[in-house]
Amino acid sequence: MPMLPPGISQETFDQALARFREAVGGDNVYSSDEDVALYRDAYSPFWGEPEEKLASAAVAPATTEEVQAVARIANELHIPIYPISTGRNLAYGGSAPPYSGSVVLDLKRMNRVLEVDERGAYALVEPGVSYFDLYNHITERGLDVWIDPPDPGWGSVIGNALDGGGGWTAYPFRDHFGAHCGMEVVLANGEVVRTGMGAVPGSKTWQQNRWGCGPWVDGLFRQSNFAIVTKMGFHLMPRPEAFISANVSVQNDQDVIPMMDTLNLLENMHQVNGSTGLGAGFGGGGAWSCTVPIYGPERVIREQMAFAKAKFEEIPGATVNVGELIRTPLTPEQYEQVRLVNFGIPNLSTFAMLTRSPMNPNPAGGHIGFSPLIPRTGEGLLEFRDFYRDNLEEVTQGENLGIVGPVFMTNWERSLVALIMFPIGRDVEMNRKMRAAFTRWVELAAERGWAEYRSPVAFMDEVADTYSFNDHALRRLRETLKDAIDPNGIISAGRYGVWPKHLRQT
Amino acid sequence: MSMTKIAFAGALGCAVLAGSALAQQALPIPPLQHAVPSDGLNAAQMRGQDVFRTTCEHCHGPGRGMPGTSSLAVKYQDTAPAIPALIEERTDLTPELVEFFVRNGSGAMAPYRKTEVSDDQLADLAAYLSRPRP
Ligand SMILES: Cc1cc2nc3c(=O)[nH]c(=O)nc-3n(C[C@H](O)[C@H](O)[C@H](O)COP(=O)(O)OP(=O)(O)OC[C@H]3O[C@@H](n4cnc5c(N)ncnc54)[C@H](O)[C@@H]3O)c2cc1C
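Residues numbered from 1 in each chain as written. Chains lettered and ligands numbered in written order. Predicted model: local features only at pLDDT ≥ 70, side-chain atom pairs only at ≥ 80, totals over all residues. Heavy atoms only, no water.

Next up on the list: the confidence of the model for chain B. Note that predicted coordinates carrying low pLDDT should not be read in detail. Of the residues in chain B, 77% have a pLDDT of 70 or more, and the chain-wide mean is 82. Overall fold confidence (pTM) sits at 0.95, and the ipTM for the predicted complex is 0.96. (pLDDT = per-residue confidence, 0-100.)

Here it is as structure tokens:
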């Protein structure tokens, strides 16, 4: 028997499961050990230890009405539930809940692409729709719009956005939550709410204007536990005619300052819209580099590139190598050469960083990422470089833990994330060391005023603690909202450090 | 190669793409390459192959960027008799083994929940991957 939700009697739980079965059909409620074990986080840093977070059961509704029914039952019986979409949140918690004993609400079966409007360049999808699904839907119909996939293409367009994920094409599309437009959510009491223009009966602008009129609430559902999202609209990029990129390198540490200033200027002017890759002089002093990817009409981006090139060449010693212009759609030959996610094509090649290779024949298997937001300036990069170098020894206690980093990510406009990756496997001793190192990085970063943009479930409380201005006023505000919207505290207890009243430690 | 390098190579890869005179064409994006044709499969094996192509082939297919295939190539590099890196080409997989790996995962491959691959689909997949070879 899987565990019970804490504080819930066997009798109440059996009653809940029976009613869930009535609501969604017996085949769609999972309660055997074997079936519930499939919801474990394969990359859990607590794998096999008492602290590993485990589900008590799973329920898989197929419609919004069924989600409502499940929410009502859970609310009445005080059963904690944990909604997931495709549940492939690997590196950030997989499909396991932050609060052990939760019933996972698995929305994978809600997998309809409700609409793709080519003229308006938007989509409306259900939670179980993966990037592969949306891509197939679009290509099968020959629609001339791109999606923006994250590296793993099997994830949910909604789930990824709700966890704060990002992709690799042009801004603003690669900021997945930022590119959404309109939501449908089910509250803990089973009520359905549509946001933005979706609240207007007969509205035809739900996926066109995200604000509507009055207080905007969509942000409440990002990295949160206030509701179950059942539909979400997303703006799509009309297929860009072409793509061009350049590789800029500078010779000295101090040159990274004008390099970043130039890159930022070009991006802030919206002359460069692709996701830059930053190459760092980690050997200690020396060359830094960045890529300058631009999407758009061929004639326009050639001019933009000429402008960008001239700007970068103002930096003494900078070299700028402009790559071949690539027209879209890709030819089969190009398809074999490019990084596919840069062209809106979902795939799973990213997992190669975790699998066996001739250099690493016995890898740990999984990983988790520590990913603070740091200032997007050359000074910020240099400070982080030194910070990482100076503290690595202390953080790892002198051991080679195989920690890899930092990789700088610029998926979100004006932001810079410095990602450090920790291998996670089935070796309890190693996982313990990784956790200690992770916690130490969080503390050390917070001392500098840096904090994470997203967190693995195992560290959500620690990360939330670093957002502590005015004695944790932000947390108190979130708790006030939580209590108002979900008074029984049934939805995703503990997600991103927000606990319902009865589970709060004061 | 370190992970950092892989990530950077990915990000930089597009900048250094060689090639010329790439005329615009209304080509659909090429589908994944398939290692095994559908000829001669029975109904269950055919359904299993469909599941394989939608769910497994992104990692276990032939061609570039296939982490399952490249990992298994390393795992079995010294095995005699040789075990193919492409799981569709293997003759040593039993239905039980396929079911075990799909429900338990292996290394970076996370297990599949029943909402992703149902028991019926798994039976078809197992029939396909363990099909008798001439
Ligand atoms: C090798 C590797 C590379 C990666 N690269 C990237 C990358 O490039 N970009 C990136 O963004 N991520 C990346 N990730 C992280 C992660 O795997 C993806 O973000 C993935 O898309 C998240 O899983 P999912 O889409 O299945 O979402 P889900 O697991 O379905 O959802 C994520 C979380 O959101 C909440 N949630 C989901 N659906 C709902 C709902 N309907 N209502 C309320 N709450 C909900 C839940 O708390 C859930 O746990 C990577 C991971 C690995 C291992």
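Here we take up the packing of aromatic side chains. Residue and element names in this part refer to chain A. Inspection of the entire model under this criterion finds 21 aromatic pairs over all chains. Members of the aromatic cluster, connected to one another through ring pairs, are F370, F384, F387, Y388, F408, F422, F438, W441, W450 and F459. Looking at R40, its charged tip hangs above the ring of W47, at a distance of 3.6 Å from the centre. One Lys or Arg, R88, reaches over the ring of W154 and ends 4.3 Å from the middle of that ring. (Phe/Tyr/Trp six-rings, centres within 6.5 Å; stacked < 30°, edge-to-face > 60°. Lys NZ or Arg CZ within 6 Å of the ring centre and 35° of its normal.)

Okay, the layout of surface pockets next. Residue and element names in this part refer to chain B. Put simply, the second largest pocket is a space of about 690 Å³. Residue lining of the second largest pocket: 34 residues in total, with H60, G68, L72, S106 and M109 positioned closest to the centre. Going through the elements one at a time, α2 (43-60), α3 (67-75), α4 (95-104) and α5 (119-129) are the ones with two or more residues in the lining of the second largest pocket. With five residues, α3 is the single largest residue contributor to the lining of the second largest pocket. (1 Å grid on protein atoms, 1.4 Å probe; cavity = no way out; pocket = protein on both sides within 12 Å on 5 of 7 lines; lining within 4 Å. Points joined across faces, edges and corners; volume = space filled by probe spheres on them. Helix = DSSP H or I, 4+ residues; strand = E, 2+ residues; numbered from the N terminus.)

Turning our attention to the packing of helix α6 (residues 256-268) of chain A against helix α7 (residues 298-313) of chain A. All names here are of chain A. Interaxial distance between α6 and α7 falls to 9 Å at its minimum, and their mutual angle equals 155°. For the element pair α6 / α7, the angle class is roughly antiparallel. With respect to the hand of their crossing, α6 and α7 are arranged in right-handed fashion. In contact with M259, T262, L263, L265 and L266 of α6, α7 contributes F307, A308, K311 and F312. Its residues assigned to classes, the contact of α6 with α7 comprises seven nonpolar, one polar and one charged. (Axes fitted to C-alpha atoms, helices over the stretch in contact; angles between N-to-C directions. Parallel < 35°, antiparallel > 145°, perpendicular 65-115°, else oblique. Left-handed = near helix turned anticlockwise from the far one by under 90°. Contact = heavy atoms within 4.5 Å. Nonpolar A, V, L, I, M, F, W, Y, C, P; charged D, E, K, R; others polar.)

What follows covers unusual backbone geometry. All names here are of chain A. Following T328, the chain continues to P329 via a peptide bond in cis, the omega torsion being -5°. Mapped onto the elements of the fold, P329 is located in the loop between β18 (326-327) and α8 (332-335). Across the junction of G405 and P406, the peptide omega takes the value -15°, indicating a cis bond. With respect to the secondary-structure elements, P406 resides in strand β21 (residues 404-409). The phi dihedral of S492 is positive, around 40°, even though this residue is not glycine. Locating S492 in the fold gives a position in the segment after α12 (469-485).

Let's shift gears to the side chain of R174(A). All names here are of chain A. Here R174 is to be found in the loop between α5 (157-162) and β8 (180-186). The side chain of R174 sits in the buried core without any salt bridge; E267 is the nearest counter-charge, 4.1 Å away. In this structure the side chain of R174 is engaged in a polar contact, spanning 3.1 Å, whose partner is the backbone oxygen of T169. Those residues in contact with R174, other than ones at most four positions away along the chain, are D148, G165, G166, G167, W168, T169, E267, N273, G274, S275, T410 and N411. (Buried < 20%, exposed > 50% of the residue type's maximum accessible area, 1.4 Å probe, protein only. Lys, Arg positive; Asp, Glu negative; His and termini not counted. Salt bridge = Lys/Arg side-chain N within 4 Å of Asp/Glu carboxyl O. Polar contact = N/O pair within 3.5 Å; in protein donor to acceptor, adjacent residues only side chain to side chain.)

Next up on the list: the sheet that holds β18(A). All names here are of chain A. Ordered in space as β16-β12-β18, the three strands form an open sheet in which the pairing is antiparallel. Looking at the sheet topology across the chains shown, the edges are occupied by β16 (294-296) and β18. Relative to β16, strand β12 (residues 242-244) runs antiparallel, the two being bridged by three bridges. By the bridge assignment for β16, I244 is matched with I294. (Pairing = 2+ DSSP bridges.)

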